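# Coordinates in review
One-letter residues, chain by chain:
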Amino acid sequence: MVLESAPTLGSEPVELAGAVGRILAQDVVSDMDMPPFDKAAMDGYACRRADLGHELSIVETIPAGYVPRQRIEANQCTRIMTGAWVPEGADCVIMVEETVSGTGPSTSEAVRFTGVQTADNICPRGEDVRAGQVVLGKGIRIRPQHIAILATVGCTSPCVFRQPRVAVISTGDELVPPGDKPQASQIRNSNSGQLCAQVRQVGAMARNGGIVADHPDEIDTMLRRAVAENDLVLLSGGVSAGDYDYVPQIMRRVGIDVLFHKVAIKPGKPTIFGVCGQTRCFGLPGNPVSSFVVFELLVKPLLYKMMGHEYRPLCVSLPLAEPVQRGNTERQSWIPATITGASTAEPIEYHGSAHITALSDADGLLCIEAGVARLDRGAPVVVRLI
Ligand code: AMP
Ligand code: MG
């Protein structure tokens, strides 16, 4: 339902230096062959394989960035550097380490091959990429290695999807900003910073709206503004069944069409989601482990889809390092876990959805499907990497 509701945003050009993490909105085509000429893969001498048994007279020196002028004829060679253009007539490059100076009258002007055999050591023109070939497809998430490709084909301002604007608002009378010392019965707002960081990691634009009190009118005012100004609103806290959990009713009051409230996921049960025009809105549970997990499972795929990217979470199947057991099997569970040196999945001691230090040690979230009460040591489990 979340993915089906996703609108796609427009696109914009971006400078290459700022393109990492953005999603390509165009196919990128190479304007040239790569390599653009037959290229030496070694420092050495370019010559004819048929002449390897003879002394070879050196007719030219070719550094990288230089166009050869001499054609190689019988018993000739050119001194050549890695990355340089292999001259016409040559069909191999012998490594400098496998040569000695010649014995003739001008020893420095000739060499002799001392090896037994040699590879060609030539990267043929167009071996890697042909001119006109699509080198990067629309929808990919740009990583550092893609920057090299964009630079190679001269695509210096790729067209990428616009970053969703995401408002992050924490509700709770007990919350104080992280820089304040909590008084009795207060805690610091850890959720807002974590959610903003998660949003930025996906490549979207986070706007930290701070803390709003558990008061219907204050939530109403804050939410109306956030919905009007953003593509996605993430509220945290106030979504369950307590006397001061006003978020679900206020979401409806401001005109959000609620598509679901409550999910069969642990942690994350009270999650609520709705749509208002072009804006999507989540009410996430207040506990930081819960909001983290629900972001991973539901919000991240939505943000990527809004940016034209089909998110495929990285999941590995590993044997369990120790048995896990639980009483209530109603929901699908996601438990913080580490991957051990022996390539097994080890659940981390976890007291519940406020236990942020358990999450901090985790390599991933281990999944126990609904209906499953016990998994034995060695049983295969899915770990979704975080
Ligand atoms: P709630 O979802 O509002 O019922 O909150 C559930 C639990 O999460 C309570 O213990 C809250 O104090 C805690 N909590 C709520 N919001 C935050 C927040 N922004 N940062 C840290 N903890 C929170
Ligand atoms: Mg609350």
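Use the structure listed above.
Rules of the game
Residues numbered from 1 in each chain as written. Chains lettered and ligands numbered in written order. Predicted model: local features only at pLDDT ≥ 70, side-chain atom pairs only at ≥ 80, totals over all residues. Heavy atoms only, no water. Helix = DSSP H or I, 4+ residues; strand = E, 2+ residues; numbered from the N terminus. Buried < 20%, exposed > 50% of the residue type's maximum accessible area, 1.4 Å probe, protein only. Contact = heavy atoms within 4.5 Å. Areas by Shrake-Rupley, 256 points an atom, 1.4 Å probe, with all protein chains shown as cover. Lys, Arg positive; Asp, Glu negative; His and termini not counted. Charge placed at Lys NZ, Arg CZ, Asp CG, Glu CD. Salt bridge = Lys/Arg side-chain N within 4 Å of Asp/Glu carboxyl O.

## Focus on the overall build of the protein chain
- For the protein chain, the helix and strand inventory stands at 6 helices and 28 strands.
- For the protein chain, the C-alpha atoms occupy an extent of roughly 100 × 50 × 40 Å along the three principal directions.
- Counting across all 386 residues of the protein chain, residues that qualify as buried make up 47%.
- In the protein chain, of all internal contacts separated by at least 6 residues, the share reaching a separation of at least 24 is 70%.
- Counting every atom, the protein chain has about 18600 Å² of accessible surface; 50% of that belongs to carbon and sulfur.
- Each charge class in the protein chain was averaged separately, 35 positive and 42 negative side chains, and the resulting centres sit 5 Å apart.

## Let's talk about the pattern of salt bridges
- Overall, the coordinates contain 15 salt bridges when judged by the stated rule.
- The residue Arg 112 makes a salt bridge to Glu 55 at a minimum N-O spacing of 4.0 Å. Linking Arg 112 in strand β9 (residues 110–113) with Glu 55 in the loop between β4 (44–47) and β5 (56–62), this pair joins segments that are 57 residues apart in sequence.
- Assessed through its relative accessible area of 21%, Glu 55 is described here as partly exposed.
- Here Asp 220 makes a salt bridge to Arg 224, at a shortest N to O gap of 2.6 Å. Highlighted residues: Asp 220 and Arg 224, both in helix α3 (residues 216–229), separated by 4 residues, approximately one helical turn.
- A cluster of three or more residues bridged by salt bridges with shared partners is formed by Asp 217, Asp 220, Arg 224 and Arg 253.

## With respect to the side chain of Arg 22
- Secondary-structure assignment places Arg 22 in the loop between β1 (11–13) and β2 (28–29).
- Once you skip the residues sitting within four places of it in the chain, Arg 22 turns out to touch Glu 12, Val 14, Ile 140, Arg 141, Ile 142, Val 160, Phe 161, Arg 162 and Gln 163.

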